[in-house]
Amino acid sequence: MALIDKGPGFGIYVHWPFCLAKCPYCDFNSHVRAGVDHARWREALLSELDHYAALTPGRTVTSVFFGGGTPSLMEPATVSALIERIGRHWALTPGLEITLEANPTSVEAGRFAGFRAAGVNRVSLGIQALDDASLKFLGRAHSASEALGAIGLAARHFDRFSFDLIYARPGQSVADWEDELRRALDHAVGHLSVYQLTIEEGTQFHTLHSRGAFAIPDDELAGDLYEATQAVLESAGLPAYEISNHARPGEESRHNLTYWRYGDYVGIGPGAHGRLTLDGTKYATRAHRAPEAWLDLVARNGHGGHASEEVAAPERLIELLMMGLRLREGVSLDHLRRETGLSAAQALDPAGLRRMQDGGFVELTAERLRATAAGRQRLNGLLAQLLPA
């Protein structure tokens, strides 16, 4: 499958931490507040952007991503100011992808024109399901009809858009899910993200599930649902380029490819992470999670981050394989050597690699290491075999 660009790129991630309500399955750094001082937040985000720009002069930005939280609750003026400042600090690649996540409530969808005028050229909609009962279970504030209306509005304002669905919901059969996917394909243009429902600690669903309030499909049914996803979407021309992400060739998320290809990216906003190579050394950056604490730190220091930490070569190997083997294209061996100083023969456990090759879970060529479809479905086990003990 030919992808748009084989380079990892250099991305800018902006985290907006606020939501109207906390979804019961969500373990992201999101918070509900009665009011937000948008002017103060705009200046704080710009200050932190300035801080990281001073560390990374001369780079060319290949993507910008506004995530959260619910970034569609931002004022378009804030989005515009950040995009303008990014262009002031760095060179911009032609056709720069600028994505904003949005929830499909009517109030937020009505802001699409403002975001488009601000410079956003791609939106990612949190649809999650196409029937009202499932949306209610998932704690979503929109109805199925509102979701479809938001997709239509996105299509009118943006040449590129995507939306998310969650599967392996309680009581969901393979036939139900195949029908929902086919209905989604009536509206998906170039990209669709599909995630298996998982029960994360610290969420409302974790508490309810532990009490027996609901059950999710067992591993066998979840596997069948995953395989049905691959079959339906590949036959429709949206093959999986990553475990949970499907796109027509050329419509892959350029920003997320930067993560999976283990490229550098700046992360700004509460709880945002980043990876930056500075003078040949890779650093992990991480901002304080609490919004108010982050704001106070930015006011004092110009940024809200913890001290940057060097990512040592063994950690880089783990991170590169964890991210890169999620992709259908796999990991470039040249990139592996640049990041770790190791060849594939030096980096991988030889016995484990042979077992995984013999089992049909991984393929190794002169240029790339890639997981097969079966290997991507069992990625944690595959990594345990490939990484030296």
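For the structure itself, consult the block above.
Caption draft 1: Fine view of the pattern of salt bridges. Inspection of the entire model under this criterion finds 20 salt bridges. Linking arginine 88 and glutamate 84 is a salt bridge whose minimum nitrogen-to-oxygen distance equals 2.9 Å. With arginine 88 and glutamate 84 both in helix H2 (residues 76-89) and four residues apart, this pair spans about one turn of that helix. With a relative accessible area of 53%, arginine 88 lands in the exposed category. On the accessibility criterion, glutamate 84 (42% relative accessible area) is partly exposed. A salt bridge links arginine 160 to glutamate 97; the shortest N-O distance between them is 2.9 Å. Taken together, the positions of arginine 160 in strand E5 (residues 160-167) and glutamate 97 in strand E3 (residues 91-102) put the pair 63 residues apart, joining distant regions of the chain. In this structure, a network of salt bridges that share partners links the residues Arg59, Asp264, Lys282, Arg316 and Glu339.

Caption draft 2: Quick look at helix H6 (residues 144-157). For H6, with 14 residues, the first-to-last C-alpha span of 20 Å sits near the 20 Å given by 1.5 Å per residue. Ala144, Ala147, Ala150, Ile151, Leu153 and Ala154 are the residues of H6 that are buried.

Caption draft 3: Representation of the side chain of serine 193 within the structure. Checked against the element boundaries, serine 193 lands in strand E6 (residues 191-196). If we ignore the near neighbours within four places in the chain, the residues touching serine 193 are Ser162, Phe163, Asp164, Leu165, Ser244 and Asn245.

Caption draft 4: How the structure looks around the sheet that holds strand E13 (residues 331-332). Strand order across the open sheet formed by three strands is E13-E15-E14, with antiparallel pairing between neighbours. For this open sheet the edge positions go to E13 and strand E14 (362-364), each flanked by a neighbour on one side alone.

Caption draft 5: Summary view of the packing of helix H15 (residues 350-358) against helix H17 (residues 379-386). Direction vectors running N to C along H15 and H17 enclose 140°, while the axes themselves pass 7 Å from each other. Classified by the angle between their axes, H15 and H17 sit oblique to one another. Of the residues in H17, those touching H15 at Gly352, Leu353, Arg355 and Met356 are Leu382, Gln385 and Leu386. Looking at the contact of H15 with H17 residue by residue, the class counts come to four nonpolar, two polar and one charged.

Caption draft 6: Inspection of the packing of helix H12 (residues 313-324) against helix H13 (residues 333-340) at higher detail. Two numbers describe how H12 lies on H13: the axes approach to 9 Å, and their chain directions differ by 155°. As far as their axial angle goes, H13 and H12 are roughly antiparallel. The two elements H12 and H13 cross, and the hand of that crossing is right-handed. Contacts between H12 and H13 pair Ala313, Arg316, Leu317, Leu320 and Leu321 from the former with His335, Leu336, Glu339 and Thr340 from the latter. Within the contact of H12 with H13, the residues separate by chemical class into five nonpolar, two polar and two charged.

Caption draft 7: Region of interest: H13. Leu333, His335, Leu336, Glu339 and Thr340 are the residues of H13 that are buried. Take H13 and look down its axis: the buried residues cluster within an arc of 155°, on one side only. Those residues of H13 that are exposed and angled more than 90 degrees off the buried face are Asp334 and Arg338. Its buried side turned inward, H13 meets strand E11 (281-286), H12, E13, helix H14 (344-347), E14 and strand E15 (368-371). In this structure serine 332 caps H13, since a side-chain oxygen of it lies 3.3 Å from the backbone nitrogen of aspartate 334. Two residues or fewer after H13 comes glycine 341, characterised by a positive phi angle close to 75°.

Caption draft 8: The arrangement of the nonpolar core in detail. Counting residues in each nonpolar core, the largest one holds 90 residues, and the members touching the most others are Ile12, Phe66, Phe163, Leu165 and Leu321. The element that contributes the greatest number of residues to this core is helix H1 (residues 38-55), accounting for seven residues. Among all residues touching leucine 321, those that are not within four sequence positions of it are Val331, Leu336, Leu348, Leu369, Leu383 and Leu387.

What counts and what doesn't
Residues numbered from 1 in each chain as written. Predicted model: local features only at pLDDT ≥ 70, side-chain atom pairs only at ≥ 80, totals over all residues. Heavy atoms only, no water. Salt bridge = Lys/Arg side-chain N within 4 Å of Asp/Glu carboxyl O. Helix = DSSP H or I, 4+ residues; strand = E, 2+ residues; numbered from the N terminus. Buried < 20%, exposed > 50% of the residue type's maximum accessible area, 1.4 Å probe, protein only. Expected span 1.5 Å × (residues − 1). Contact = heavy atoms within 4.5 Å. Pairing = 2+ DSSP bridges. Axes fitted to C-alpha atoms, helices over the stretch in contact; angles between N-to-C directions. Parallel < 35°, antiparallel > 145°, perpendicular 65-115°, else oblique. Nonpolar A, V, L, I, M, F, W, Y, C, P; charged D, E, K, R; others polar. Left-handed = near helix turned anticlockwise from the far one by under 90°. Arc of directions from axis to C-beta. Polar contact = N/O pair within 3.5 Å; in protein donor to acceptor, adjacent residues only side chain to side chain. Core = buried A, V, L, I, M, F, W, Y, C linked by side-chain atoms within 4.5 Å.

Honestly, it's all geometry; don't read function into it.
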